[in-house]
Amino acid sequence: MLHGIDVSAYQSSTYGTDGLSFVFIKATEGRSYVNSRLAAQAKHGRDAHLVVGFYHFLWPGNITAQAEYFVSHAPEKRGDVLAVDWESTGEGTHASNAEKDAFIRKVKHLRPHNRVLLYTNRHFWLSVDTTSYAGDGLWIADYVSAGHPRIKAKWRFHQYTDDPHDKNVANFSSAAALREWATV
């Protein structure tokens, strides 16, 4: 298993990279939020030779506009990974299955040279999701032993803790295999 983290504006732009192969960075949310540390966090990951990914926190409604907003702010580089974060909003709402699927398809259309993933938690995957559509792969959050999420679906990334920050593993045999997969 390869190790990585995900960061947002709450984390430093100079997060630790020792022993990591990848980083996911929150880029946008809805149609009005952009991570103020996005460029610095991306540069730090690239300088450490990590595979860099960006994610968008999906709100219900205006799916095409959200996809366009996300790709207009996420740096465009071949080999970067893009993801949609599908879970409950702070208001307790969430995008529907159809909206989640449409968002992934729209981002794949707008960025055909990038992998596009679904990030979601175990509850959403087992109890809310009805389509099992995850684009190019599933990034599952389930806080158990690294690499052992409690789902039967094939997954690419597993977020296994948020203490002291979000830690993940990737189901690839090597960093080179991850990099090759990421380069569509």
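Residues numbered from 1 in each chain as written. Predicted model: local features only at pLDDT ≥ 70, side-chain atom pairs only at ≥ 80, totals over all residues. Heavy atoms only, no water.

K.L.:
What's the story with the nonpolar core in this structure? I'm lost.
P.N.:
Where a protein is soluble and globular, its nonpolar side chains tend to be buried together. Counting residues in hydrophobic clusters, the biggest one holds 38 residues, and the most contacted among them are Ile-25, Phe-54 and Phe-70. A total of 4 residues in this core trace back to one element, the largest contributor, which is helix 2 (residues 63–73). Those residues in contact with Ile-25 that lie beyond four places of it in its chain are Val-7, Tyr-15, Asn-35, Leu-38, Gln-41, Ala-42, Val-52, Gly-53, Phe-54 and Tyr-55. (Core = buried A, V, L, I, M, F, W, Y, C linked by side-chain atoms within 4.5 Å. Buried < 20%, exposed > 50% of the residue type's maximum accessible area, 1.4 Å probe, protein only. Helix = DSSP H or I, 4+ residues; strand = E, 2+ residues; numbered from the N terminus. Contact = heavy atoms within 4.5 Å.)

K.L.:
Is there a simple way to think about the pattern of salt bridges in this case?
P.N.:
Should their charged atoms come close, side chains of opposite charge can pair. As enumerated under the stated definition, the model contains 9 salt bridges in all. When the shortest N-O distance is used, the salt bridge between Asp-80 and Arg-46 registers 2.8 Å. Pair noted here: Asp-80 is in the loop between helix 2 and strand 5 (81–85) and Arg-46 is in helix 1 (residues 38–47), with a separation of 34 residues, a long-range link. The exposure class of Asp-80 is buried, given its relative accessible area of 3%. You can call Arg-46 partly exposed: its relative accessible area is 24%. Among the salt bridges present, the one from Arg-115 reaches Asp-136, with a minimum N-O distance of 3.9 Å. Of this pair, Arg-115 sits in strand 6 (residues 115–121) while Asp-136 is found in the loop between helix 4 (122–128) and strand 7 (138–141), placing the two residues 21 residues apart along the sequence. Residues joined by salt bridges that share partners form a network here, namely Lys-100, Asp-101 and Asp-129. (Salt bridge = Lys/Arg side-chain N within 4 Å of Asp/Glu carboxyl O.)

K.L.:
Help me understand the environment of Ser-145, please; the structure alone is not making it clear to me.
P.N.:
Mapping Ser-145 onto the fold places it in the loop between strand 7 and strand 8 (157–161). Remark: the alpha-carbon pair of Ser-145 and Gln-159, spanning 14 residues in sequence, is separated by 9.8 Å. If we skip the residues at most four places from it in the chain, Ser-145 touches His-158 and Tyr-160.

K.L.:
Help me understand the packing of aromatic side chains in this model?
P.N.:
Pairs of aromatic rings are described using the distance from one ring centre to the other and the angle between the two planes. Taken as a whole and judged by the stated rule, the model has 11 aromatic pairs. Aromatic side chains Phe-22 and Phe-157 sit 5.1 Å apart centroid to centroid with 70° between the ring planes, which places their arrangement in the edge-to-face category. In this pair, Phe-22 sits in strand 2 (residues 22–29) while Phe-157 sits in strand 8, placing the two residues 135 residues apart along the sequence. Ring geometry for Phe-24 versus Trp-139: centroids 4.1 Å apart, planes at 25°, classification stacked. Of this pair, Phe-24 sits in strand 2 while Trp-139 sits in strand 7; the two residues are 115 residues apart in sequence, bridging distant segments of the chain. (Phe/Tyr/Trp six-rings, centres within 6.5 Å; stacked < 30°, edge-to-face > 60°.)

K.L.:
Mind showing me how you'd approach the side chain of Gln-159 here?
P.N.:
Note that Gln-159 resides in strand 8. Overall, Gln-159 belongs to the buried group, its relative accessible area being 1%. When near neighbours in sequence (up to four residues on either side) are disregarded, Gln-159 contacts Asp-6, Tyr-119, Trp-139, Ile-140, Ala-141, Asp-142, Tyr-143, Asp-166, Lys-167 and Asn-168.

K.L.:
Before we go on, may I ask you to explain the packing of helix 2 against helix 3 (residues 97–110) in this structure?
P.N.:
Between two packed helices, what matters for the description is the angle formed by their axes and the separation of those axes. One can describe the packing of helix 2 onto helix 3 by two numbers: an axis separation of 9 Å at closest approach and a directional angle of 40°. Judged by the inter-axis angle, helix 2 sits oblique to helix 3. The handedness of the crossing between helix 2 and helix 3 is right-handed. Contacts between helix 2 and helix 3 involve Ile-63, Thr-64, Gln-66, Ala-67, Glu-68, Phe-70 and Val-71 from the first element and Glu-99, Ala-102, Phe-103, Lys-106, Val-107 and Leu-110 from the second. Grouping the amino acids of the contact of helix 2 with helix 3 by side-chain chemistry returns 8 nonpolar, 2 polar and 3 charged. (Axes fitted to C-alpha atoms, helices over the stretch in contact; angles between N-to-C directions. Parallel < 35°, antiparallel > 145°, perpendicular 65-115°, else oblique. Left-handed = near helix turned anticlockwise from the far one by under 90°. Nonpolar A, V, L, I, M, F, W, Y, C, P; charged D, E, K, R; others polar.)

These figures capture arrangement, not role.
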